Structure formats: C-alpha cells, structure tokens
Amino acid sequence: MAKDLLLEIGTEEVPAHFMPGILAQLKEKAGAKLAEMRLEYEDITTLGTPRRTALLVKNLAESQTGAQSEYKGPSVSIAFDADGNPTKAAMGFARGKKVDVKDLVVKDGYVYAVSKEEGKATAALLPEMLKDLIEGLTFPKNMRWGNLDFRFVRPLRWIVALFDTEVVDFTVANVKSGRVSRGHRFLSEGDFTIARAGDYVADCEKAFIIVDQNKRRDMIKAQIEELAAQHGGHAEITEDLLEEVTYLVEYPTALCGTFEEKYLKLPKEAVITPMRDHQRYFPVLDKDNNLLPLFITVRNGGDYCLDKVQHGNERVLRARLADAQFFFDEDRKHKLEDYVEKLKTVVFQEGLGTIYDKANRMAELAAFIGEKTGASEIEIAVTKRAAKLAKADLVTAMVCEFTELQGIMGREYALLDGEEAQVATAIYEHYMPRFAGDSEPATTAGRLVSLADKMDNIVATFSRGLVPTGSQDPFALRRQALGIVHTIIEADYQVSLQEITDKAMDLLQITDKEKRAQIQKNVEEFFMLRIKNVLSDNNVRYDIIDAVLRHVGSIADTYAKACATAEEIASGKMNEAIQAFVRVGNISKKAEKVQINPSLFALDAEKALYEAYSTVEEKVHVAIVKADYVKAIEEMQTLTAPINNFFDNVMVMDKDEQIKNNRLALLKNIDNLIKTIADFSKIVL
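Residue indices begin from 1 for each chain and proceed along its sequence in written order. With pLDDT at 70 or above as the cut-off, local features in this predicted model cover only qualifying residues; side-chain atom pairs require 80 or more to be listed or tallied, and sums for whole chains, interfaces and linings still use all residues. As a rule here, side-chain values come from all non-hydrogen atoms in the structure, and water together with hydrogens is ignored.

A. Structural context of the overall build of the chain. Counting secondary structure elements, the chain contains 25 helices and 16 strands. With the principal axes as the frame, the chain shows a C-alpha extent of 105 × 100 × 45 Å. The proportion of buried residues among the 685 residues of the chain is 49%. Surface accessibility follows the Shrake-Rupley procedure with a 1.4 Å probe radius. Residue values consider only the protein chains on display as shielding. Summed over its atoms, the accessible surface of the chain is roughly 33200 Å², and 48% of this surface lies on carbon and sulfur atoms. Positive charge is attributed to Lys and Arg, negative charge to Asp and Glu, and no charge count is given to His or to the chain ends. Note that the charge is assigned to NZ on lysines, CZ on arginines, CG on aspartates and CD on glutamates. On the chain, the mean spot of the 88 positive side-chain charges and the mean spot of the 106 negative ones are 4 Å from each other. Where helices and strands are cited, they refer to DSSP runs of H or I of at least four residues and of E of at least two residues respectively, numbered from the N terminus. A 1.4 Å probe rolled over the protein chains alone gives each residue an accessible area, and that area as a share of the maximum for its type sets the label: buried under 20%, exposed over 50%, partly exposed in between.

Right, here's the structure in full:
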C-alpha cells in the first residue's frame, strides 16, 4: 500500500527571489533520490512561503522494488572440469559474489552470478534520505548561526517529516523532526499539529497559511485586479513583481492606497519606479494607460485595521514621491546638454578616461557603423546627437537616486528641452535590450548608439585583460554581446565584426599590434559563443552550427547561413550532396595550387565537372550578394551528379603531375565555393 510523504523545512524568512530556485532544486533532488533508492511514487510537489519549504510525495511505495544484478564470470571451459565439477576458478568467483557455486548460471559460454536484493521498507530508508536532502540543498548565499558548522539559507526553526501518519525521526542542526508546524505570525494561534501528510495543505490553510504558491499567486492577482476595477482602472502587473510578492506573504490581502495628483505631472516612470521597484506596489492605470493617483499593495495578513495599513503605506510612498519631485525640479534647472560637461568628472574604467570620453567615442563609432550599414546622413546626424546626450542623465539627481531610470530620464529631459523625438527615443533605446527577453532598439539611431555603447564596453574591458571566464562577468559583457548579436540579426546589418572592433580600438587609441591582434581574437571567440547560443535557442542543430561557424565575419550573414543550411538539411534532399561535398573536401586537401588550366582536361567527366562548376560558381556568387543562401545551397547541390561522375570515371592522382595538380585545383575551387556557406564535413547524417 502506498502512503504520502511530507517534508516541511521551517526557517526564518527566505529572500523572495531565492524561493523559485529552492523549490525547483528540492523537487529535482527528491526525484533523483527516490529513483536512486528504487522507491516508486505517483507525483512530487514542492510548496513554499517565506518561512517554509515543503515537499509532498503522493503515493510513495512502502518498500523498495527488488533489484537483480548479473555478474559475468569465467568461461565454461575454465569454470568446470571434464566431469562437470566446478573448478577453483568457479568457486572463487562464486565466493567473491557471495552466491553458492551451485547457483551459477551458464549463458553464452560463460558462467554468471545472479544476485537478488530484496527491497527494504521505505520507513527505514526515509530518515537518512530526508536528512541528506536538506543538507544537500545549495543557495546563492548561506548563513551560519550559533556555534554550528551547518550552513543554510536562513536558520532552521522546525522540521515536519511524516510518512502518512508516522513521524520520520531525524535531526538536522539540532532541530528534531516532528509533526508540529507554525501558523501565521499574527493571524494564527501559533503552532499546529499535522496528523497526516495528506492533510498538510488543508491544515496550513486553517492556520492562515496559503502554502501552495500557485494558489497564492492566483489569489493575489485576482484581488489586485478586482480592487483596480473597483476604482475604475486596471493594474499594471508584471510577472517578476507578482512572483516576488507571492513569496513575500503567507496569507495575502490586497489593499488600495492613494497619492496626491500633483505627482502625476512627473514623468510616468518617475512615479512608477519608486512605487514598484522600491515599495513593491502595483500602479493603477486608466483605460488610456494614463497613470491614476492610486496604488495597490499586498499585506501579509487579513483585513483587520486595513485602513491603518493603507495610511502607513501612503505615508511611505508620499515621502518617496516627494523626493522624486525634488530631484526632478533640481534637474530641470538645467538642460540635459548642460550635464554632458559633468561627465568629465565620472571615470569610465581605470586608464580609459571618463564617461565624457566614452560618449565621444560612442558618437564616432555609431556614425562609423551607420556608414557601413547604409544609414542616411540625417540618421547619422540624429545618431551622433543622441550618442552625445546618451549618458548625460547619469549625473542628474533623479538617476543618482533611482538608477533604474537611466535612459528613461534622459529621454524625458531631452523631450522637455525640445530635442528631436528621434534623439530622445535613441537615448532611451541605447540601453536595450536591458535583460533576457527585452525588446531590441526599434529606431536606426537607437540601434547604432546601442551597438556603439556595447562594443565600446566590450573592447575597452578586453583591452584591460578582463575577458569573462567561467561564471565571472562583473561587467555583464555576455549580456551586452548577446544584445549586439540580437540587434544586428534583427536589423540585418551587413557589417564586419572585425571592422567594428578595429574602429573601437582606434578610438581607444590602442596602437600596439600584438595587443590589437589579441583583442581581435578574444572578441571573435567571445561573439562566436554568443552566436552559438542564439542559434541553439532557435533550435539549429549543433553540427550545423559547427559547420557554419568557423569564424565570424558578418554576424547577420553567419546567422542567415546557419538558418538556410538547417532549412535545406531538414528537407532531407541534401544527403547525397553532402556526401559528395565531403569527398571533394577530403581529396582537395592535397591540392598545392588553385589555378585551373582548362586545356589540361582530357576526359569527358572532368570537362563536365569544370563546366558545371563554372556555371554554378557565378550563380552562387549572385545569390550570396543577395544574401539568398537557400538559393546558393540549391545551386551547389546541382554539382552532386557531376562530382559523382567525376570520381567514378577519373583517376585524380594521375602519374602526370600537371594533370594531377589540375584536377586537384578543380576540386579545391569547388571545395572553397562550398565552404563559403558551410563545412559540410561536420554535418552528422
């Protein structure tokens, strides 16, 4: 008969952003432990609040499944003598495997020892397993308390461990397991007893603990939406804030507060940022998405004295908004352009000048990229103006206090100063993408300034020898490089990574040839890994990635070639062509020259291949110029039959050196043409 298993780890409040990872880790480790111990079950669930992390295993078997192991021994001729009696070899083998020699099994000309292990009772295995499970959890940050060597995310306060109705007895960090849990700090009567593992969720709810995080999240969202609707608006609910609030409370009750309408004159983000990022409040908008003088927050408790809680939250927010108003008013005493001069006082990186210097480099590099990608003179002028102003808001009072507003306040101040809308938009967009899944810059100026900013950061940091290694990436260069890759691909910018890097080094006044060569090498390798990530995320096979990504020229071209190759291979029509291409590549390695002399072709098969190659080469180059790589690959495939015919009828390694070298040169030219798209020898058929 199967029984439910409960493990509840009670702690002091765990940081909200740790909880999703902890719950996922606990579920994964529990599943692995149960599989390792041959314990069958129906389902595993992990539940959590700030003060408790729980594991529920439904219908866990009462005993292990039996195990049978088979060990191969000596051959029959060695194990038994002529009369069929076991030899010393057989007896020694049986003794070593702890079986009777009579029980040895003969199979395939060898003897085998079969060992059967009876399954142990689950109840006997659980104490050690649950203790190991708790001690095996890892966290971003650990704590120690008292004189214990034990480390955990927060101090342990209680442990509940039940196998149906029976307590699983063990001790961790001087905390003994039992059946007593703790209710809500303020709403419950304190500790409560859990009689049966299957009653856990219901018992928690009686103690004012909504232990199921999914139910708690749904309750919070529904309460927020209902409150917002009652006040004639809708709440702006972001998933990250909703998740954070979910793990800040055990029994949620939403409440709505107000603030003075005068603060609505501030830029929308200047109100929302202190509200959402600093106080964990949800802003309320009207049907036109204009901000209303309302906010919604979630209390960890019931509706008792809710008006006093509302008043307290309003006082806190009022102080934050008053600060924002003061900083805004102070900033508006000057134009955004006036703050550019102050950038001379802010160091960019050691030995690399100030942010003012960086802004000048950004303007030049952005213009350079714009020229290479066909931007108009007007677009380049907008780009240079935006680059000059892009970092100015970093020294404003508002951004110094609310750093999340960098770029946002630059845009708002630029608009208030009468700058072109395109300039203001580019100032905002140049930080994009800010995080995984964020949008790319949508305007030409925004893209160019974004690319210049990120490339300057990467090349400047690499010039100091600070190339990210392992998990260490203090300047977030991997994220910035991914942003560059996504932006270039989305905009389809045909620009050489090497040219951009060279220009960035020129602007940084890096003149040492060896250092420049090393930086180029590091940048290419760094971006190669980022492109691999992007292609993998788009479900391009690893072998296709390896075939295309031999070096990085144009990022957009490399991505397009990989996608075209993947598309053609997925069609299933390329197998024969790939085999032919690989054969050409293998033999052409022996070529000493690439110059072809058509007069030396004597056989029909080699003449036919040369004529086919001459025709296809022109068509492939036309397709490549148009970036139509599917067409280029399709044209290459027409060489399959002439290549096969060539190998069937021509002896490449002719005794005549001139004829041999000419044939090898033909194959080498074909191989070079094919590899303008991919090295098909890396494709796994």
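B. Local environment of the layout of surface pockets. Space inside and on the surface of the protein is sampled on a 1 Å grid over the protein atoms alone, with a cavity defined as a set of points where a 1.4 Å probe fits but cannot get out and a pocket as an open set with protein on both sides within 12 Å along at least 5 of 7 lines; lining residues have an atom within 4 Å of a point. Grid points are joined across faces, edges and corners, and a volume is the space filled by probe spheres set on the points. Roughly 1100 Å³ of internal volume is contained in the largest pocket. Lining the largest pocket are 37 residues; nearest its centre among them are Thr403, Glu404, Gln406, Tyr431 and Arg434. Of all the elements in the fold, those that place two or more residues in the lining of the largest pocket are α7 (239–246), α8 (268–278), α10 (355–372), α15 (444–463) and α16 (477–491). In terms of residue count, α8 provides more of the lining of the largest pocket than any other element does, 6 residues in total. Of the pockets and cavities examined, the second largest pocket occupies roughly 220 Å³. Considering the residues around the second largest pocket, the lining is formed by 13 residues, among which His551, Gly553, Thr558, Lys561 and Thr676 are closest to the centre. Residues are sorted three ways: Asp, Glu, Lys and Arg are charged, Ala, Val, Leu, Ile, Met, Phe, Trp, Tyr, Cys and Pro are nonpolar, and all the rest, Gly among them, are polar. Looking at the lining of the second largest pocket, its residues break down into 4 nonpolar, 5 polar and 4 charged.

C. Looking closely at the packing of aromatic side chains. Two aromatic rings from Phe, Tyr or Trp, using only the six-membered ring of Trp, form a pair when their centres are within 6.5 Å; if the ring planes differ by under 30 degrees the pair is stacked, by over 60 it is edge-to-face, and anything between is tilted. Scanning all chains against the criterion turns up 13 aromatic pairs. Aromatic pair phenylalanine 208 and tyrosine 251: ring centres 5.5 Å apart, planes at 75 degrees, arrangement edge-to-face. Separated by 43 residues along the polypeptide, phenylalanine 208 in the loop between α5 (200–206) and α6 (213–230) and tyrosine 251 in the loop between α7 and β14 (252–258) bring together distant segments of the chain. Classification of phenylalanine 208 by relative accessible area gives partly exposed; the value is 30%. Classification of tyrosine 251 by relative accessible area gives partly exposed; the value is 23%. Seen from their ring centres, phenylalanine 581 and phenylalanine 680 are 5.4 Å apart, and the 55 degrees between their planes marks the pair as tilted. Placement of the pair is phenylalanine 581 in helix α21 (residues 575–588) and phenylalanine 680 in the segment after α25 (657–674), with a sequence separation of 99 residues. Of the two residues, phenylalanine 581 and phenylalanine 680, neither departs from the other in class, the shared state being buried. A connected cluster of aromatic rings, assembled from ring pairs, spans Phe139, Trp145, Phe150 and Phe152.

D. The sheet that holds strand β5 (residues 105–107), seen in detail. Strand order in the open sheet formed by 3 strands is β4-β6-β5, and the pairing between neighbours is antiparallel. Where the open sheet ends on each side, the last strands, each with one partner, are β4 (67–75) and β5. Direction aside, the axes of adjacent strands within the sheet are offset by 35 degrees on average. The criterion for strand pairing is that DSSP finds at least two bridges linking the strands in question. Simply put, an axis is a line fit to the C-alpha atoms, just over the touching stretch for a helix, and the angle between two N-to-C directions goes from 0 to 180 degrees.

E. Representation of empty space enclosed by the protein within the structure. Following the criterion strictly, the structure yields 1 cavity of 30 Å³ or more and no others. Reported here for the largest cavity is a volume of approximately 30 Å³. Taken together, Ile9, Thr11, Ile22, Thr53, Leu137, Phe139, Phe152 and Val153 form the lining of the largest cavity. A breakdown of the residues in the lining of the largest cavity according to their chemical character gives 6 nonpolar, 2 polar and no charged.

F. Structural view of the sheet that holds strand β15 (residues 282–285). Read from one edge to the other, the open sheet built from 4 strands follows the order β13-β15-β16-β14, with strand pairing classed as antiparallel. The open sheet is flanked by β13 (234–235) and β14, the only strands paired with a single partner.

G. Structural context of the pattern of salt bridges. A carboxyl oxygen of Asp or Glu within 4 Å of a side-chain nitrogen of Lys or Arg is what we treat as a salt bridge. According to the stated counting rule, one finds 44 salt bridges in the structure shown. Residues lysine 33 and aspartate 132 are paired through a salt bridge, measuring 3.8 Å at the closest nitrogen-oxygen approach. On the criterion of sequence distance, the pair formed by lysine 33 in helix α1 (residues 19–36) and aspartate 132 in helix α4 (residues 122–135) is long-range, its members being 99 residues apart. Given a relative accessible area of 29%, aspartate 132 falls into the partly exposed group. Of the charged contacts, one joins arginine 385 and glutamate 337 as a salt bridge, the two residues approaching to 3.1 Å between their closest N and O atoms. In this pair, arginine 385 sits in helix α11 (residues 377–389) while glutamate 337 sits in the loop between α9 (306–331) and α10, placing the two residues 48 residues apart along the sequence. Here the salt bridges do not stand alone but share partners, grouping Lys358, Arg361, Lys391, Asp453 and Asp456 into one network.

H. Expanded view of the pairing of strand β10 (residues 175–178). Note that strand β7 (residues 156–163) and β10 share 2 bridges and pair parallel. Its bridge partner being in β10, valine 160 is matched across the sheet by glycine 178. Judged from the 2 bridges that link them, strand β9 (residues 171–172) and β10 form a sheet pairing that is antiparallel. Counterpart to valine 172 in the pairing with β10 is valine 175. Between β9 and β10, which follow one another and run antiparallel, lie 2 residues, and alanine 173 among them has a positive phi close to 50 degrees.

I. Just the nonpolar core, in detail. Each nonpolar core is a collection of buried residues, namely Ala, Val, Leu, Ile, Met, Phe, Trp, Tyr and Cys, held together in the definition by side-chain atoms within 4.5 Å. If you look at the biggest cluster of nonpolar residues, it comprises 134 residues, and the most contacted ones within it are Met398, Phe527, Ile555, Ile643 and Ile670. Of all the elements, α15 adds the most residues to this core, at 10 residues. Whether two residues are in contact is decided by their heavy atoms: any pair within 4.5 Å suffices. Excluding its chain neighbours within four sequence positions, the residues that come into contact with methionine 398 are Ala270, Ala324, Phe327, Phe328, Asp331, Leu405, Met409 and Tyr413. Counting residues in hydrophobic clusters, the runner-up holds 41 residues, among them Ala16, Ile22, Leu60 and Ala161.

J. Highlighting the packing of helix α17 (residues 497–507) against helix α18 (residues 513–537). In the contact formed by α17 and α18, the axes pass within 10 Å of each other and the chain directions differ by 135 degrees. Regarding the angle of α17 to α18, the classification is oblique. Our pair here, α17 against α18, has a crossing hand that is right-handed. When α17 is examined against α18, the residues Leu497, Gln498, Thr501, Asp502, Met505 and Asp506 are found in contact with a partner set consisting of Arg516, Ile519, Gln520, Val523, Glu524 and Phe527. Should an angle fall under 35 degrees it is taken as roughly parallel, and over 145 as roughly antiparallel, whereas 65 to 115 is taken as roughly perpendicular and any remaining angle as oblique. Handedness of a crossing is defined here by the sense of rotation of the near helix relative to the far one, left-handed for an anticlockwise turn of less than a right angle and right-handed for a clockwise turn.

K. Inspection of the environment of alanine 322 at higher detail. Take alanine 322: it is sitting in helix α9. Among the residues examined, alanine 322 registers a relative accessible area of 35% and is labelled partly exposed. The spacing of alanine 322 and tyrosine 263 is 59 residues in sequence and 8.2 Å in space, taken between C-alpha atoms.

L. Seen up close, the environment of lysine 372. One can find lysine 372 in helix α10. In sequence terms lysine 372 and valine 495 are 123 residues apart; their C-alpha atoms lie 6.2 Å from each other. Not counting chain neighbours up to four residues away, the residues in contact with lysine 372 comprise Gln494, Val495 and Glu499.

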